[in-house]
Amino acid sequence: MAEHTTAGSFGASEPDTDSPAVGRDHPGRHRDYEGRHRADPEGLSVWATAQSTGPVQRRGRYVPESVKHPARMLPAIAAHAIAAYTQPGDLVLDPMCGIGTTLVEAVHAGRDAFGIEYEPQWSNIADANIRHAHDQGASGRASVIRGDATRLMSLVPKALTGQVALVVTSPPYGPTVHGLVRPGEHGVVKYDDRYNDGEDKGNLAYRDLTGLTDGFAQILRGCATLLRPGGAVVVTARPWRKRGELVDLPSAVIAAGLRAGLVPTERCVALLAAVRHGQLVARPSFFQLQQVRKARTSGVPMHLIAHEDVLIFAKTRTPEDGSGVVA
């Protein structure tokens, strides 16, 4: 059973009927985007999204509890996608919204947004972040729905079918990620490195790559139904190593998108390193540095990760409305 939660200008006890998550209508506010960003020959495929560090990007803009999430999207990545693929007043969706980064950046940019989040801990923080954004003067409206995004269409009102201008999201990178560190009695102690306490395996993070891809395809299928003509789906992903072997998550995401009836239209790079005087300045975590050093010591020429793949999809054209992209 999904639980609707709202924050900011919406009431905390009952869903507001004007909330984008419970059926606010957006006809007339969307434009035909053919020939916009995607067709611009001058458009850059490299997004300079780490000119400042993640903590600096979030400082004062997000509540302090946000740091507890183990795999936060850089705010600048969400902001870049929103600026490139939407106009003010458009509706943005993140079906795996975590602490609400996409939603916060959308409302600050004058867009409306809603997100789905499986873990109550993160949806509560997302609510707090949306309220904080409104306290800072953000003009957009946003809400969070608690539930399993693989059943997206059972969570979202049918009135939102064809209303979403942009989807921005990222799949999980396994059950445990980098997290935070502090010095301990026997060395460095790692914490806040899991999506949940490990008791509930319903989270996609606890599936193998095949299960993750299957679940993500279900999520993207729902997103395709909600997407308006000319809308875009933006997914950030990067490969990771499991027992020394490279797990090619970006290719798995492309396969999931194709199975969901979406067409890949762009493949961009969102930098996780700053650009200074024509050079990249890496911003690795403690564990990234440790992993690379261990690999090189053992003779594996591993390098620091300096970017996220950004995969952009559009809907396939349907005979009913003639919209979308010809597959």
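Before reading further, recall that the structure is shown in the block above.
Attention in this report is confined to the structure presented alongside it. In this text, all values refer to a predicted model and were calculated from it rather than measured experimentally.

## A look at the overall build of the protein chain
Argument step 1. Counting its regular elements, the protein chain contains 8 helices and 15 strands.
Argument step 2. Evaluated residue by residue, the protein chain yields a buried proportion of 48% over its 327 residues.
Argument step 3. Counted over contacts in the protein chain with a minimum sequence separation of 6, partners at least 24 positions apart contribute 72%.
Argument step 4. Of the roughly 15200 Å² that the protein chain leaves accessible, carbon and sulfur atoms contribute 52%.

## Concerning the pairing of strand β6 (residues 164-169)
Argument step 1. Counting buried residues in β6 gives 6 out of 6 residues, a clear majority hidden from the surface.
Argument step 2. Sheet analysis places strand β3 (residues 91-94) next to β6, joined by 2 bridges and oriented parallel. Bridge pairing in β6 places Leu93 opposite Val167.
Argument step 3. Taken together, the 5 bridges between β6 and strand β9 (residues 227-237) define a ladder with parallel strand orientation. In the strand pairing of β9, Leu166 is matched with Ala232.

## Details of the side chain of Arg58
Argument step 1. You can see Arg58 is positioned in helix α1 (residues 54-58).
Argument step 2. Although Arg58 lies buried, it forms no salt bridge, and the closest oppositely charged side chain, Glu105, sits 8.0 Å away as judged by the N-O distance.

## Details of the pattern of salt bridges
Side chains that differ in charge, positive against negative, can pair when their charged atoms come close.
Argument step 1. Throughout the structure, instances matching the rule amount to 5 salt bridges.
Argument step 2. The residue Arg238 makes a salt bridge to Glu308 at a minimum N-O spacing of 3.6 Å. Highlighted residues: Arg238 in the loop between β9 and β10 (240-242) and Glu308 in strand β15 (residues 307-315), separated in sequence by 70 residues. By the burial criterion, Arg238 is buried, and Glu308 matches it.

## Section: the environment of Ile99
Argument step 1. Among the secondary structure elements, Ile99 is positioned in the loop between β3 and α3 (101-108).
Argument step 2. Taking the relative accessible area as the measure of exposure, Ile99 reaches 2% and is therefore buried.
Argument step 3. For the pair Ile99 and Arg72, spaced 27 residues apart in the sequence, the C-alpha separation amounts to 7.6 Å.
Argument step 4. Leaving out residues up to four positions away in the same chain, Ile99 has contacts with Ser66, His69, Arg72, Trp122, Ile125, Ala126 and Asn129.

## Describing the nonpolar core
Argument step 1. Within the largest apolar cluster, 33 residues are counted, with the highest numbers of intra-cluster contacts made by Trp47, Tyr85, Leu166 and Val234.
Argument step 2. Secondary structure elements with two or more residues in this core: α2 (75-85), α3, α4 (120-135), β5 (142-146), β6, β9, β12 (262-271) and β15.
Argument step 3. At 6 residues, α2 tops the list of elements feeding residues into this core.
Argument step 4. Excluding its chain neighbours within four sequence positions, the residues that come into contact with Leu166 are Ala81, Ile82, Tyr85, Thr86, Leu91, Val92, Leu93, Leu227, Ala232 and Val234.

## Points about the packing of α3 against α4
Packed helices, taken two at a time, are described by the angle between their axes plus the distance between the axes.
Argument step 1. Contact pair α3 / α4: the axes reach a minimum separation of 9 Å and the direction vectors enclose 15°. Classified by the interaxial angle, the pair formed by α3 and α4 is roughly parallel. Remark: the crossing between α3 and α4 carries right-handed chirality. Across the interface between the two elements, Leu103, Val104, Val107 and His108 from α3 touch Asn129, Ile130 and Ala133 from α4.
Argument step 2. Its residues assigned to classes, the contact of α3 with α4 shows 5 nonpolar, 2 polar and no charged.

Rules behind the numbers
Residues numbered from 1 in each chain as written. Predicted model: local features only at pLDDT ≥ 70, side-chain atom pairs only at ≥ 80, totals over all residues. Heavy atoms only, no water. Helix = DSSP H or I, 4+ residues; strand = E, 2+ residues; numbered from the N terminus. Buried < 20%, exposed > 50% of the residue type's maximum accessible area, 1.4 Å probe, protein only. Contact = heavy atoms within 4.5 Å. Areas by Shrake-Rupley, 256 points an atom, 1.4 Å probe, with all protein chains shown as cover. Pairing = 2+ DSSP bridges. Lys, Arg positive; Asp, Glu negative; His and termini not counted. Salt bridge = Lys/Arg side-chain N within 4 Å of Asp/Glu carboxyl O. Core = buried A, V, L, I, M, F, W, Y, C linked by side-chain atoms within 4.5 Å. Axes fitted to C-alpha atoms, helices over the stretch in contact; angles between N-to-C directions. Parallel < 35°, antiparallel > 145°, perpendicular 65-115°, else oblique. Left-handed = near helix turned anticlockwise from the far one by under 90°. Nonpolar A, V, L, I, M, F, W, Y, C, P; charged D, E, K, R; others polar.

Interpretation note: all reported values are geometric properties and have no functional meaning in isolation.
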